[in-house]
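An overview of the molecular structure
Each chain is listed here by its residues.
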Amino acid sequence: MPTLSEDLAFRGLIHQMTDSELPKRLDQPGLTVYAGFDPSADSLHVGNLLQLCTLRRFQEAGHRPISLAGGGTGMIGDPGGKEDERQLLDLETIEGHLESIRPQLGQFLDLENDRALLLNNVDWLSRISVLEFLRDVGKHFTVNQVVAKESVKTRFERPDQGISYTEFSYMLLQAYDFLRLHVDHSCDLQIGGSDQWGNITMGVELIRKVCGNESWGLTTPLIVKADGTKYGKTETGTVWLDPARTSPFAMYQFFVNTPDEQVGQLLRFLTFLGHGEIEALDADTTEHPERRAAQKALARSVVALVHGDAEVTKCEEASGALFGEEIAALSEDMLLAVTGDAPTTAVPRAELLDGLTLVEVLERTGLAKSRAEARRTIDQGGAYVNNVRQDDAARTLVPADLLHDRYLVLRKGKRDVHILRAT
C-alpha cells in the first residue's frame, strides 16, 4: 500500500511545495489541511474535482480536511489566472451559490465526528474592520511583495487593464484565511492549483510572522484541456457537477471523448483506481487505442464519484443505445441527453402527415448535399432512421416514425447524426 506522498507523486499531484521535507510530514497522520472553493457560480465544475479528490486522499490517509467556501473572498474576486477584472457579485447572489455548492463540497468527505469541516470565510472576514485588517495583516507585507506575485504581476504588465485595489487586496484576504484556520482549527497545510502559489505562500508567511509557527503549502498542476485552456466555469465547454446544468450522460460522454494523450493524467487526478490498474490502462491505450478502455474507465469512475453507480449504469445503457435500435426505448430526457450535441432541424408536423421522403429529408438536413447523393447513401446502406438501416430510396417518413411523438434520429454512416423535430 503506497503512502500518501508516494500516491501523490505517482499521480503527478505535487507541483510545488513550500518545504522539501513536506512529503515526510504527509505520511504522518494528523495534519489539518484545507482547500478553498470559489462560489462565483451556483455549481462546482470538473475543474474543482482535482482539489475535492485530493482532500479525500488526505482524509483517507488519516488527515483532517477542511473545504472552505469563499463567501467573503467571493465578493472580491481572485485575480489569479484572469486577464480582466472579475464581475462583482452581491451578497444575496453569493449566498444562493453557497447554498447550492455546500452539498457538493460535503459529498466527497466523511463529515462524521468532525473528521472533516465545511467552513465559510465570510464568518470571519465580515467581522474584521478595515482598520484591524490594515494593522494586523497589511503591516506584515510590502507592496513590493504583492506586486512580485505572478497573479498580480501579469496584470501590471497590461496597462490597458491593470488591477483594481479590490483585487490587489485579495492575496492578503486569503493569507488571513490561512491564519484564521491555523489559529482556530490547527490547520497547518493549504493546498490548491498552481495558480494559487502566490496566495498560499503569503499565508505561510503571515502565520510565521504572527504566530511564529511553521505551516506548509502544496500546489497541484492545473487540469487543462487539449487546447491548453483551464477546466473552469469561465472557459468554453464547462462541465458542471450539478446534474441540472450538465447531465450525468453529458459528463460521461465528455470523459469518454478524452484524447489518448490526456487520459492517463486524468485517471491519476480524478479517480481512486489503484496504481497497477492505471498502469494497465496506460498500456492498453498504447497497444489498443481503438478500445478506449482508459476513457471508459475514467468516465465510469468520475460519474460514479459525482452522481453514483446507478447513473453510471444508465449512462452505459444510453451510450450503447446511441448507435443501436435500443434508442427507441430511451426516455425523452435521456434521448435528448444522448443526442444533445447533434444538430436539429424543425419541420412542421403537417409535412410529415403528407409524407416526407427520406431522400428529401437527408438533403434538407445536410446529411446529403443533393438528392442524388442521398439516394446513393441509401443504396450503399449508409442511411438510418432511429438507428434502423434504410434500404428503400422511396421510403417516406410519417408521424408514426417519431420518437415520443416529436423526434426522428437520422444518421449517415457511423457518426453523422441529425435530429428532425416535429413542430
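Our subject is the structure that appears above.
Residues numbered from 1 in each chain as written. Predicted model: local features only at pLDDT ≥ 70, side-chain atom pairs only at ≥ 80, totals over all residues. Heavy atoms only, no water.

Quick word on the packing of helix α14 (residues 275–287) against helix α15 (residues 293–307)
- Running from N to C, α14 and α15 cross one another at 140 degrees; their axes reach a closest spacing of 8 Å. It follows that α14 is oblique to α15 by the angle criterion. The segment α14 lies against α15, with L281, D284 and T285 engaging A293, A294 and A297.
- The residue inventory of the contact of α14 with α15, partitioned by class, reads four nonpolar, one polar and one charged. (Axes fitted to C-alpha atoms, helices over the stretch in contact; angles between N-to-C directions. Helix = DSSP H or I, 4+ residues; strand = E, 2+ residues; numbered from the N terminus. Parallel < 35°, antiparallel > 145°, perpendicular 65-115°, else oblique. Contact = heavy atoms within 4.5 Å. Nonpolar A, V, L, I, M, F, W, Y, C, P; charged D, E, K, R; others polar.)

What to know about unusual backbone geometry
- Although it is not a glycine, D114 adopts a positive phi angle of roughly 60 degrees.
- Structurally, D114 can be placed in the loop between α4 (91–106) and β4 (117–120).

A closer look at the sheet that holds strand β3 (residues 64–69)
- An order of β1-β6-β5-β2-β3-β4 is seen for the six strands of this open sheet, with the pairing classed as mixed. What marks the edges here is a single partner per strand, and that holds for β1 (16–17) and β4.
- The sheet contact formed by β1 and strand β6 (residues 216–220) spans two bridges and is antiparallel. Within β6, the position partnered with Q16 by the bridge is T219.
- Where α4 meets the sheet, it contacts β2 (32–37), β3 and β4, and its direction lies at approximately 155 degrees from that of β4. (Pairing = 2+ DSSP bridges.)

Some points on the layout of surface pockets
- Considered as a void within the structure, the second largest pocket measures approximately 830 Å³ in volume.
- Taken together, 29 residues line the second largest pocket, and the ones lying closest to its centre are Q253, N257, L322, V338 and D341.
- Looking at the lining of the second largest pocket, the elements that each hand over two or more residues are α12 (248–256) and α17 (332–338).
- Considering each element in turn, the lining of the second largest pocket owes the most residues, six residues, to α12.
- The residue makeup of the lining of the second largest pocket, split by class, is 14 nonpolar, eight polar and seven charged. (1 Å grid on protein atoms, 1.4 Å probe; cavity = no way out; pocket = protein on both sides within 12 Å on 5 of 7 lines; lining within 4 Å. Points joined across faces, edges and corners; volume = space filled by probe spheres on them.)

Digging into the pattern of salt bridges
- Counting across every chain of the model gives 21 salt bridges.
- Of the charged contacts, one joins D282 and R268 as a salt bridge, the two residues approaching to 2.6 Å between their closest N and O atoms. Pair noted here: D282 is in helix α14 and R268 is in helix α13 (residues 260–270), with a separation of 14 residues, a long-range link.
- Exposure remark for D282: the relative accessible area of 24% places this residue in the partly exposed category.
- Connected through salt bridges with shared partners, the residues E205, R208 and K209 form a single ionic network. (Salt bridge = Lys/Arg side-chain N within 4 Å of Asp/Glu carboxyl O. Buried < 20%, exposed > 50% of the residue type's maximum accessible area, 1.4 Å probe, protein only.)

As for the pairing of strand β12 (residues 407–412)
- The buried fraction of β12 amounts to five of the six residues, a majority that puts the element mostly inside the structure.
- Pairing analysis gives three bridges linking strand β9 (residues 383–385) to β12, with the strands arranged antiparallel. Across the sheet, residue A383 finds its bridge partner in β12, namely K412.
- In this sheet, strand β13 (residues 416–422) lies alongside β12 in antiparallel orientation, the contact comprising six bridges. Residue pairing across strands places R411 opposite V417, the latter belonging to β13.

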